[in-house]
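Results of the structural survey
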Amino acid sequence: MSSTKQKSEGATSEEENKESSKYVDIYGPGAKAEIVFKTPETNSTLNLQDVQGLVTWVLADGFMPSWVFIKNKPLIPKVVMLYVPGLDAALYLAQSMKLAGLKQSCGNPRPLLALSCTSDGMQTIDALLTCKVKRKRNAIDSIRDTDQSTEQETSISSMDSAELLKDIPFPLTYYTLTAKQLEDNGYCLNQPGFISTHPPPDGSSFYEILALDCEMCITCEGFELTRVTLVDIKGQVVLDKLVKPTNPITDYNTRYSGITYEMLSGVTTSLQDVQEDFLKLVHKDTILVGHSLENDLLALKTSHDLIIDTSILYKHPRGGSYKTALRVLAKRFLSREIQQSGTGHDSIEDARSAMDLALLKIRNGKNLYLKFSMSLLPVLGPDFGTPPSLMRRKLLTLLGECGKTSSFIDDISIVKRYSSESSHAIPVCSDDEALLKARKEVTLHFAFCYTVSLTGLLTNFFHLYVCGRPRMIVYTLSGHNFQNCIPISENKLRTM
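Residues numbered from 1 in each chain as written. Predicted model: local features only at pLDDT ≥ 70, side-chain atom pairs only at ≥ 80, totals over all residues. Heavy atoms only, no water.

Attention now goes to the pattern of salt bridges. The tally for this structure, following the rule as stated, stands at eight salt bridges. Where D240 meets R227, a salt bridge forms, and the shortest distance between an N and an O atom there is 3.0 Å. One end of the pair, D240, is in strand β9 (residues 237-242); the other, R227, is in strand β8 (residues 222-231), and 13 residues separate them in sequence. Take D240: its relative accessible area is 34%, and that puts it in the partly exposed class. For R227, a relative accessible area of 12% gives the class buried. Between R393 and E401 there is a salt bridge; the shortest N-O distance is 2.4 Å. Since its relative accessible area comes to 51%, E401 is described here as exposed. The network of salt bridges with common partners includes R227, D240 and D346. (Salt bridge = Lys/Arg side-chain N within 4 Å of Asp/Glu carboxyl O. Helix = DSSP H or I, 4+ residues; strand = E, 2+ residues; numbered from the N terminus. Buried < 20%, exposed > 50% of the residue type's maximum accessible area, 1.4 Å probe, protein only.)

See the structure below:
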């Protein structure tokens with residue numbers, strides 16, 4: 001038995017060393033993972049989703065947590081999550097002598113926000129072991145979106161502006177930014193040194209809608225304008241000029257701007273010159289379309305408040321201040337690859353893409369579906385392009401899809417409910433069995449190990465930790481009184 005155990009642990013160690021050796025060229029032979037808690041903001045509290053998010057960030061395709069910094073993340077090959085029912089923070093600290101192994105390995109607890117004021121172990125387990133993810137669109141939706149984008153490009157080329165904006169579900173001004181949105185997104189209005197657009201002359205025709213994109217280089221004074229482009233509703237270029245910055249250029253920023261020394265050689269057009277040209281085309285009643293136009297208008301030193309911003313029009317899945325890149329939106333909604341030349345962005349290409357994205361939204365709205373006469377009928381609305389609704393999926397399933405193996409130890413009812421097809425599911429019904437299985441599982445080559453902690457496992461935790469050599473510990477303590485905290489390790493998530 002002893003030799004078999006040593007052989008098993010030796011094999012596991014060899015596999016883990018082999019896994020770590022893949023990163024030696026990147027991080028160096030002496031590198032190790034480091035986990036640092038950031039100073040919590042005032043009135044900020046962690047919750048169970050934050051704990052789960054830490055696991056998905058380390059092992060899967062999750063988002064980077066804002067409350068902890070992980071250095072050399074790929075060097076953490078294994079995470080152990082230990083759930084302790086019936087133990088609250090006060091009892092954990094009071095019984096530190098009996099729980100010396102757990103305290104020595106994981107340190108002091110950090111408070112988490114409880115799900116409710118009453119104890120509900122299943123609610124806690126569900127929050128830890130199921131994830132909210134975007135509901136994937138079905139094949140019919142994907143085909144319909146592709147057909148719409150192809151139809152859009154074909155029809156635009158053969159229609160005039162009046163036809164393009166005919167019978168739209170909502171007026172154009174529905175999609176322009178409100179005063180608060182302008183302020184929240186950094187649009188500078190009526191700033192010193194800025195010009196403002198003017199009302200069109202009486203009786204004159206003017207562009208109702210134009211798309212703007214600018215390119216900037218870096219000078220000793222920061223970013224300055226080097227190219228400005230305007231396209232009309234059909235994508236025709238109405239203005240495209242290179243601009244000589246006022247200050248000496250320190251970085252042409254070619255990777256993004258597409259501007260080179262050769263392009264600006266001999267250019268004499270100044271910012272003031274291009275502002276005059278701009279004001280002849282863009283009037284106060286002209287709607288300007290673009291992607292994060294606050295940056296373009298800042299470079300132009302121009303105030304204009306009638307804006308359709310595609311970075312806001314198409315909401316980011318995470319909401320808040322997050323914004324989706326123009327190239328991502330173009331690929332998803334227009335089936336168009338942009339910014340792929342390798343020589344920087346093309347302001348004409350970007351302006352046309354922004355205009356087409358805006359038109360797609362304006363002309364189609366959101367595809368909702370109502371069941372009617374055994375068929376699905378499209379209903380138009382202003383939220384076309386918003387993220388799909390959310391659904392819950394098993395954490396272990398998501399880890400499996402990212403190529404991570406997992407081990408799951410708990411009561412048989414919990415195992416049946418939350419384990420996945422690819423996970424190693426182990427139902428237990430006693431303290432001794434839980435301890436025996438957990439000690440074995442953490443020595444195996446699983447990336448993620450979840451176990452419910454019973455008394456025997458708690459008192460033997462330090463031996464389990466050293467024996468299994470997991471690279472990262474996340475544990476939750478759940479008391480009968482949820483007004484006490486659900487903690488995780490505060491000092492650090494120990495790495496070995």
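Attention now moves to helix α15 (residues 326-334). Looking at α15, one finds that the buried residues are L326, L329, A330, F333 and L334. End-on, the buried residues of α15 take up no more than an arc of 100 degrees, which puts them together on one face. One or two residues past the end of α15 sits S335, with phi positive at roughly 55 degrees. (Arc of directions from axis to C-beta.)

Turning next to the pairing of strand β1 (residues 34-37). A one-sided burial pattern is seen for β1, the buried positions being I35 and F37 and the unburied ones E34 and V36. Examined bridge by bridge, β1 and strand β2 (residues 68-71) share four bridges and lie antiparallel to one another. From the neighbouring strand, F37 faces β2, where its bridge partner is V68. (Pairing = 2+ DSSP bridges.)

Here we come to unusual backbone geometry. If you check the backbone angles, N190 has positive phi at about 55 degrees while not being a glycine. Position of N190 relative to the elements: it lies in the loop between α9 (179-184) and β6 (195-196). The backbone of S335 shows a phi angle near 55 degrees, a positive value even though the residue is not glycine. Residue S335 is classed as partly exposed on the basis of its relative accessible area of 47%.

The next point concerns the confidence of the model for the chain. On average, residues of the chain score 75 in pLDDT, and 69% of them reach the 70 mark or higher. Contacts of residues 1-9 to residues separated by more than four positions or lying in other chains number five contacts, the stretch itself having pLDDT below 50. With pLDDT under 50 throughout, residues 454-473 is counted as low confidence; its partners more than four residues away or in other chains account for 67 contacts. (pLDDT = per-residue confidence, 0-100. Contact = heavy atoms within 4.5 Å.)

On to the side chain of S303. Along the chain, S303 falls in strand β12 (residues 302-303). From its side chain, S303 meets the backbone nitrogen of N190 in a polar contact 2.8 Å long. Each residue touching S303, except ones within four places of it in the same chain, is listed here: C188, L189, N190, Q191, F194, I195, S196 and T197. (Polar contact = N/O pair within 3.5 Å; in protein donor to acceptor, adjacent residues only side chain to side chain.)

Note on placement: C449 falls in strand β19 (residues 448-452). Distance from C449 to L396, taken between C-alpha atoms, is 9.8 Å for residues 53 residues apart in sequence.

A separate point is the pairing of strand β17 (residues 406-410). Across the five residues that make up β17, a large majority, five, are buried. Of the two faces of β17, the one carrying S406, F408 and D410 and the one carrying S407 and I409 are both buried. Sheet topology places β17 next to strand β18 (residues 424-427); four bridges connect them, and they run parallel. Residue S407 lies in a different strand from β18, and its bridge partner there is H424. In this region the chain leaves β17, passes through helix α18 (residues 412-418) and returns to the parallel neighbour β18; the handedness of that crossover is right-handed. (Right-handed = clockwise from strand over helix to strand, strands pointing away.)

Take the nonpolar core next. Within the largest apolar cluster, 38 residues are counted, with the highest numbers of intra-cluster contacts made by V58, L59, L129, F408, F448 and Y450. With residues up to four places along the chain from it excluded, the contact list for F408 reads L129, L396, I414, V415, Y418, S419, H424, A425, I426 and Y450. V231, L306, A351 and L360 belong to the second-largest nonpolar core, a separate cluster that totals 29 residues. (Core = buried A, V, L, I, M, F, W, Y, C linked by side-chain atoms within 4.5 Å.)

Moving on to the packing of aromatic side chains. Applying the stated criterion across every chain yields a total of four aromatic pairs. Ring geometry for F170 against Y174: centres 5.0 Å apart, planes inclined by 40 degrees, an arrangement best described as tilted. Residue classification places F170 among the partly exposed residues on the basis of a relative accessible area of 24%. Consider the rings of Y174 and Y175, whose centres lie 5.4 Å apart with planes at 70 degrees: the pair is edge-to-face. Its relative accessible area of 46% is what places Y174 among the partly exposed residues. For Y175, a relative accessible area of 6% gives the class buried. (Phe/Tyr/Trp six-rings, centres within 6.5 Å; stacked < 30°, edge-to-face > 60°.)

Attention shifts here to the side chain of S292. Take S292: it is sitting in the loop between β11 (287-290) and α13 (293-300). With sequence-adjacent residues up to four places away left out, S292 is seen in contact with Y187, D309, S311 and K323.

With that settled, consider helix α19 (residues 431-441). When we look at burial in α19, the residues that qualify are A434, L435, A438 and E441. Considered in projection along α19, the buried side chains sweep an arc of 140 degrees and stay on one side of the axis. Exposed positions of α19 whose direction lies more than 90 degrees from the buried face are D432, L436 and K440.

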